[in-house]
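# A look at the structure
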Amino acid sequence: MSKTVLEAKHVSLYYNLDFHRQKRFLTRIHSIPIQLQRRLKGQARAERRFWALQDVSFAVREGEVLGVIGRNGSGKSTLLRVLAGILTPDKGEVIVNGQIGALLSLGAGFQPVLTGRENIFLRGLVLGFSRGQINEKLHDIIEFSGLERFIDAPVRSYSSGMRARLGFSIAIHFNPEILLLDEVMAAGDAAFRKHAGNLFTRFRGEHRTIVICTHNMSQILENCHHVIWLEQGKIIREGEPKEVVEAYVAATEKRRH
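Computed from a predicted structure; not experimentally measured.

### Considerations on the overall build of the protein
Broken down by element type, the protein carries nine helices and nine strands. The buried share of the protein, taken over its 257 residues, is 43%. Once local pairs closer than 6 in sequence are excluded, the contacts in the protein between residues at least 24 apart make up 73%.

### Observations regarding the nonpolar core
Membership of the largest hydrophobic core comes to 24 residues, with the highest contact counts inside it found for Ile69, Leu179, Leu181, Ile210 and Trp229. When contributions to this core are tallied by element, the ones reaching two or more residues are β3 (65-69), α6 (160-173), β6 (178-182), α7 (190-205), β7 (209-213), α8 (217-223), β8 (226-231) and α9 (241-256). Discounting residues that sit within four places of it in the chain, Trp229 has contacts with Ile69, Gly70, Lys234, Ile235, Ile236, Arg237, Val244, Ala247, Tyr248, Ala251 and Arg255. If you look at the next biggest cluster of nonpolar residues, it comprises 23 residues, including Val5, Leu66, Ile178 and Leu230.

### Observations regarding the confidence of the model for the protein
Overall, the prediction assigns the protein a mean pLDDT of 83, with 81% of residues at 70 or greater. Element-level mean pLDDT values for the protein span from 46 in helix α1 (residues 19-27) up to 97 in β8. For residues 20-30, every residue scores under 50 in pLDDT, and the model assigns this stretch seven contacts once sequence neighbours within four places are set aside.

### Concerning the pairing of β8
Burial within β8 is extensive, with five of its six residues counted as buried. Where β3 and β8 come together, four bridges link them in parallel fashion. Across the sheet, Gly67 pairs through a bridge with Val227, a residue of β8. Across five bridges, the pairing between β8 and strand β9 (residues 234-239) is antiparallel. Within β9, the position partnered with Ile228 by the bridge is Glu238. Between β8 and β9, which follow one another and run antiparallel, lie two residues, and Gln232 among them has a positive phi close to 50°.

### Brief notes about the pattern of salt bridges
Per the counting criterion, the structure on display carries seven salt bridges. Ionic pairing is found between Arg255 and Glu231, a salt bridge with its closest N-O pair at 3.3 Å. Of this pair, Arg255 sits in helix α9 while Glu231 sits in strand β8, and the two are 24 residues apart along the sequence. Taking relative accessible area as the criterion, Arg255 reaches 39% and is therefore assigned partly exposed. Overall, the relative accessible area of 12% leaves Glu231 in the buried class. The salt bridge involving Glu253 is made with Arg256; its shortest N-O contact spans 2.8 Å. Of this pair, Glu253 and Arg256 both sit in helix α9, three residues apart, which is roughly one turn of that helix. Among the residues examined, Arg256 registers a relative accessible area of 62% and is labelled exposed. Each of Arg71, Glu231 and Arg255 takes part in salt bridges that share partners, so that together they form one network.

Reading the values: rules and limits
- Residues numbered from 1 in each chain as written.
- Predicted model: local features only at pLDDT ≥ 70, side-chain atom pairs only at ≥ 80, totals over all residues.
- Heavy atoms only, no water.
- Helix = DSSP H or I, 4+ residues; strand = E, 2+ residues; numbered from the N terminus.
- Buried < 20%, exposed > 50% of the residue type's maximum accessible area, 1.4 Å probe, protein only.
- Contact = heavy atoms within 4.5 Å.
- Core = buried A, V, L, I, M, F, W, Y, C linked by side-chain atoms within 4.5 Å.
- pLDDT = per-residue confidence, 0-100.
- Pairing = 2+ DSSP bridges.
- Salt bridge = Lys/Arg side-chain N within 4 Å of Asp/Glu carboxyl O.

Written out as structure tokens, the structure reads:
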């Protein structure tokens, strides 16, 4: 049996939604007795919290493709950021056994004032590659992204699709053992999507571990071994792709009516 390479154990994470308004409110209560102030502050802190993830647990084995589905705002992108180590959960833990390559939300993590070429080097160095190793991959990364004409322009001048294409190209060419993808194969033109799809198929054939968040149910059914459905930060259902996708689509249709 293949080993577990990625595991979430009772992961919860919240965002603080209303800090400034509450801060203004608390500056006006200095004349209230200290014990009541403490109680009001505690209530204010609790009311400001939006739980983006709530008690999320799952495991991914080596070579598996895990699909994550759900409506916008359900917690999918937050979950991938937690798995990538960008966000630290407020409760629970994530256990990773392998090198992660992540492409989250249209090239998140780029330095906007640096050029595309400079961002490639920066990302490679962060991942522990030498300049020589990055140089060996540089041509293939640029060619795959299709951004030859723009590679020496600042990333802040790129469209969201261009950032996603560059980020995807960087992520896959640095040969991660675990790949986290957030809607990346929806970016770019038809030729890029076909190229990305072929590479995704190759990665599956090499038994890489992949976690993919997408609204494309066909992509989920064709590629995933296991699926989790998130709703308001909680896992509503998990299991075989066909079973989970059918339940999700039925619930979505029901809401429309």
